[in-house]
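Here are the chains, one letter per residue:
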Amino acid sequence: MTFTEKLAAAWTANNSLLCVGLDPDIAKMPAEFQAQPDAVYAFCKAVADATADTACAFKPQIAYFAALRAEDQLEALCAYLRSAYPHIPVVLDAKRGDIGATAEQYAREAFERYRADAVTVNPYMGFDSVAPYLEWTDRGVIILCRTSNPGGSDLQFLDVGGQPLYRHVAQMVAEKWNAGGQCALVVGATFPDELAEVRAVVGDMPLLVPGIGAQGGDIAATVKAGKSAAGAGMMINSSRAILYAQPDAQKGEDFAAASRRVAQETRDAINRFRA
């Protein structure tokens, strides 16, 4: 099963467009993990177990693991997710951008070492920085387009032939790079008007949409702007709001139960605007 096939199946099976981001920060984890040698793995595994039936994808962010010298725990986590939840795609959020032999090694890292279903990449260096990933024909390549950070406008709004750069990227990916149907785009929830423009350009291509939850993107506006004709087409990511949800002491929640509650609430809020 290819990435896009697995993603489409997960949208249906879990009735969800929610992507659960796994960005482990030791300082924000419950005290029980502070001295645990495999804390990063154990924490992320617990959150994944609590939220798996609410999600269409999991998205570990490689920098959080690498900064803690926990790449081995990321490798173990990806292996666990593939084994326990083989129907849910794993997106490695790496935003790699290089060319030639270096890009080939980054592709091997994502698809051989971590065995991710998809990886995020930066298109700034052009097609030859993306091509090595596309050689893995069953995997997804998710390309930065209109990002959720305010500074993205520094470059993404530059005029390119009468249209902003982000729209040029969307058109180029849709018309030239996506011959094998492997591509998706990153488009932030914080800019729903631009999200709607990208959707109009790329048709039903999947979109990874960060920016709800802690970043403040509006769910209703995001879903209305970005959903495909079938009411799907998106992986709407939430990381910190789910990972570090505050347990309700009156209900006796632990951190995992709190993560599950927020994930369910987020999925259900998204679903209200899909029709």
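This one's a predicted model, so the numbers in the text were calculated from it and none came from an experiment.

Trainee: Mind laying out helix H4 (residues 71–84), listing which residues take part and the relevant values?
Mentor: Here H4 contains 14 residues, and its C-alpha end-to-end distance of 20 Å stays within 8% of the 20 Å for a straight helix at 1.5 Å per residue. Every buried residue of H4 is listed here: Gln 73, Leu 74, Leu 77, Cys 78, Tyr 80 and Leu 81. When H4 is viewed along its axis, its buried side chains cluster within an angular range of 160 degrees and face the same direction. Turned more than 90 degrees off the buried face of H4, the exposed positions are Asp 72 and Ser 83. Those residues of H4 that are buried are in contact with strand S1 (18–22), helix H2 (39–51), strand S2 (57–60), helix H3 (62–67) and strand S3 (91–96).

Trainee: Tell me about the sheet that holds S3, residues and numbers included.
Mentor: Spatial strand order, S2-S1-S10-S9-S8-S5-S4-S3: eight strands in an open sheet with parallel pairing. Unpaired on one side and paired on the other, S2 and S3 mark the two borders of the sheet. When the angles between neighbouring strand axes are averaged without regard to direction, this sheet yields 30 degrees. Two elements, strand S9 (residues 207–209) and strand S10 (residues 234–238), share three bridges in a ladder whose sense is parallel. Within the sheet, the bridge partner assigned to Leu 208 lies in S10 and is Met 235. Contacts from H4 reach S1, S2 and S3 within the one sheet, and its direction differs from that of S2 by about 175 degrees. On top of the sheet, helix H9 (residues 192–202) reaches strand S5 (140–146), strand S8 (183–187), S9 and S10; it is set at about 170 degrees to S9, its chief contact.

Trainee: Which residues make up the pairing of S5, and what are the values?
Mentor: Counted residue by residue, S5 has seven buried out of seven residues, so it is predominantly covered. Sheet analysis places strand S4 (residues 118–121) next to S5, joined by four bridges and oriented parallel. Across the sheet, the residue bridging to Thr 120 is Ile 142, located in S5. Pairing of S5 with S8, which is carried by five bridges, proceeds in the parallel orientation. Residue pairing in the sheet places Ile 143 in a bridge with Leu 185 of S8.

Definitions and cut-offs
Residues numbered from 1 in each chain as written. Predicted model: local features only at pLDDT ≥ 70, side-chain atom pairs only at ≥ 80, totals over all residues. Heavy atoms only, no water. Helix = DSSP H or I, 4+ residues; strand = E, 2+ residues; numbered from the N terminus. Expected span 1.5 Å × (residues − 1). Buried < 20%, exposed > 50% of the residue type's maximum accessible area, 1.4 Å probe, protein only. Arc of directions from axis to C-beta. Contact = heavy atoms within 4.5 Å. Pairing = 2+ DSSP bridges. Axes fitted to C-alpha atoms, helices over the stretch in contact; angles between N-to-C directions.

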